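Examination of the molecular architecture
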Amino acid sequence: MGTTPLSLFILLLFSVFAEAEHASILRSKKESACDLFEGKWAYEAGAEPLYESSSCPFIDPEFDCLKYGRPDRNYLKYVWTPDSCSIPSFDGEGFLNRYKGKKIMFVGDSLSLNQWNSLACMLHASVPQAKYSYTRKTPLSSVIFQDYGVSILLYHTTFLVDLVQEPIGWVLQLDSITQGGSAWQGMDVLVFNSWHWWIHTGRSQPWNYMQDGSKLYKDMDRLTAFAKGLTTWAEWVDQNVDTSKTRVFFQGISPTHYQGKDWNETSRSCRGEEQPLSGSTYPAGSPPAADIVKRIINKMSKPVYLLDITTLSQLRKDAHPSSYGGDGGTDCSHWCLPGLPDTWNDLLYAALVPGCGGKTVCL
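Here is what the cut-offs are and how they apply
Residues numbered from 1 in each chain as written. Predicted model: local features only at pLDDT ≥ 70, side-chain atom pairs only at ≥ 80, totals over all residues. Heavy atoms only, no water. Helix = DSSP H or I, 4+ residues; strand = E, 2+ residues; numbered from the N terminus. Buried < 20%, exposed > 50% of the residue type's maximum accessible area, 1.4 Å probe, protein only. Contact = heavy atoms within 4.5 Å. Pairing = 2+ DSSP bridges. Disulfide = S-S within 2.5 Å. Axes fitted to C-alpha atoms, helices over the stretch in contact; angles between N-to-C directions. pLDDT = per-residue confidence, 0-100. Parallel < 35°, antiparallel > 145°, perpendicular 65-115°, else oblique. Left-handed = near helix turned anticlockwise from the far one by under 90°.

Quick look at the overall build of the chain
From N to C terminus, the chain includes eight helices and 13 strands. Burial analysis of the chain (363 residues in total) assigns 49% to the buried set. Looking at the chain alone, contacts between residues at least 24 apart form 75% of all its contacts between residues at least 6 apart.

Next comes the structure, spelled out in structure tokens:
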């Protein structure tokens, strides 16, 4: 019995579908094999930062470790190396041209300040002769590259949700975003961050009560409170941000290094540390707050890119200001500039330039 035209058509159709499915599987494997946030730190003797702190007019003093006497520069020689792909080289001038007339806003606490300072310095170093304006105020600061119309903004908020003064004292409203939300709208890129202030206690705690709905609490499990507050933020993004016009990021949990036992050492803090941890895992594991961030982002209806800097930053016990922050204390929360936040911005850049697809992969 001969082959009919119908049977030939069915065979051809089957072949086309099989080829398409195979290509899809290959694409999926290629994407899943290329996670920018899995890797290790490699020492490169010839590595130099994109800028010197002395040549950047935007660095807050507490991050300027070289100015305040840090004697070593080895912490500037370590390069983040993903396991299965490479990070594209930062092209500041190209970035400014691509984002002409655009607004990029960091929203959060002093870790957002750290990253905002870094990106402004990286861009300034790329176009040192370009005109700029610089405004440093609370809650809104800005660096505007006037030749390009690019605004790099910082909106300071420690909790994302509202902190309001009432007759009973300062109240942290876990279910409300009214204070900052209007300022966050109309941006082309939003990079959110919150965590460090959620665990402050005693005199450094800026609130007297927490409020969830109609209920007031003198205190609450801080991870529970953080999850409630972050859920409110997620709902705000889902309801108020047009992600066809605005790219939304969340800066992963930035770690501290105050307990040497977390990295299997007897040291009490990051003081005196001059080398990162080797390998790609942190002995103390992932902080619970990072798991909360991932869980809440995964439930959102709008796409949010997690800038998952937690593990790669945990490995950098050497990169804090330590005793070189200019205030006489030991800072194992923030990061020297130039330094680690430049890598955060390399990864942000990788997510924003063509070829990386806005995912945790760079094809």
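The rest of the description comes next.
Structural notes on the pairing of strand 10 (residues 209-212)
Note that strand 8 (residues 169-173) and strand 10 share three bridges and pair parallel. Along strand 10, the bridge assignment pairs Gln-173 with Gln-211. Hairpin connection between strand 10 and strand 11 (residues 215-217): a loop of two residues separates the two successive antiparallel strands, and Gly-213 in this loop has a positive phi of roughly 70 degrees.

Considering the state of the cysteines
Scanning the entire structure with this criterion turns up three disulfides. Paired by a disulfide, Cys-56 and Cys-121 hold their sulfur atoms 2.0 Å apart. Its S-S torsion of about -85 degrees marks the bond between Cys-56 and Cys-121 as left-handed, since a negative value means left-handed. You can see Cys-56 sitting in the loop between strand 1 (39-43) and strand 2 (78-82) and its partner Cys-121 sitting in helix 3 (residues 110-126), a full 65 residues away along the chain. Summarising the burial analysis for this pair, Cys-56 and Cys-121 share the class buried. Here Cys-270 engages in a disulfide with Cys-332; their sulfurs sit 2.1 Å apart. Residues Cys-270 and Cys-332 share a disulfide whose torsion about the S-S bond is about -85 degrees; that sign makes it left-handed. A residue pair is termed long-range when its members are at least 10 positions apart, and Cys-270 in the loop between strand 12 (247-251) and helix 6 (288-299) and Cys-332 in the loop between helix 7 (310-314) and helix 8 (340-352) qualify at 62 residues. Residue class for Cys-332 comes out buried when judged on its relative accessible area of 0%.

Structural notes on the environment of Leu-113
Summarising the element assignment, Leu-113 is placed in helix 3. Classification of Leu-113 by relative accessible area gives buried; the value is 7%. Excluding its chain neighbours within four sequence positions, the residues that come into contact with Leu-113 are Asp-60, Glu-62, Phe-63, Arg-136 and Leu-154.

Looking at the pairing of strand 2
Residues of strand 2 alternate between two faces, with Tyr-78, Trp-80 and Pro-82 buried on one and Val-79 and Thr-81 left unburied on the opposite face. The pairing of strand 1 with strand 2 spans five bridges and is antiparallel. Each bridged residue has a counterpart across the sheet, and for Trp-41 the counterpart in strand 2 is Trp-80.

Observations regarding the sheet that holds strand 11
Read across the open sheet, the four strands follow the order 7-8-10-11; overall the sheet is mixed. Unpaired on one side and paired on the other, strand 7 (162-166) and strand 11 mark the two borders of the sheet. When strand polarity is set aside, the average angle formed by the axes of neighbouring strands in this sheet is 30 degrees.

Examining the confidence of the model for the chain
Confidence in the prediction of the chain, expressed as mean pLDDT, is 90, and 88% of residues score 70 or more. Under a pLDDT of 50 for its full length, residues 13-33 has, in the predicted model, five contacts with residues more than four places off or in other chains.

A few points about the sheet that holds strand 9 (residues 189-192)
Strand pairing in a sheet is mediated by backbone hydrogen bonds. Such pairs are either parallel or antiparallel. Strand order across the open sheet formed by seven strands is 4-5-6-3-9-12-13, with mixed pairing between neighbours. Every interior strand has two partners, whereas the edge strands, strand 4 (132-135) and strand 13 (305-307), have only one. Taken over all neighbouring pairs, the strand axes of this sheet differ in orientation by 15 degrees on average, direction set aside. Strand direction decides the pairing type here: strand 12 and strand 13, joined by three bridges, are parallel.

Examining the packing of helix 5 (residues 222-240) against helix 6
Two packed helices can be described by the angle between their axes and the distance between those axes. Look at helix 5 against helix 6: their axes get within 10 Å of each other, and the N-to-C directions meet at 30 degrees. As judged from the angle between their axes, helix 5 and helix 6 are roughly parallel. Crossing geometry of helix 5 relative to helix 6 is assigned as right-handed. Along the contact surface, helix 5 presents Leu-223, Phe-226, Ala-227, Leu-230, Thr-231, Trp-233 and Ala-234, while helix 6 presents Pro-288, Ala-289, Ile-292, Val-293, Arg-295, Ile-296 and Ile-297.

Some thoughts on unusual backbone geometry
Here the amide bond leading from Thr-138 into Pro-139 is cis, since omega sits at 10 degrees, within 30 degrees of zero. Take Pro-139: it is sitting in the loop between strand 4 and strand 5 (140-145). Between Leu-337 and Pro-338 the backbone carries a cis peptide bond, its omega angle lying at -5 degrees. Take Pro-338: it is sitting in the loop between helix 7 and helix 8. Of note in this structure, Leu-160 is not a glycine but carries a positive phi near 70 degrees. Along the chain, Leu-160 falls in the loop between strand 6 (150-156) and strand 7.

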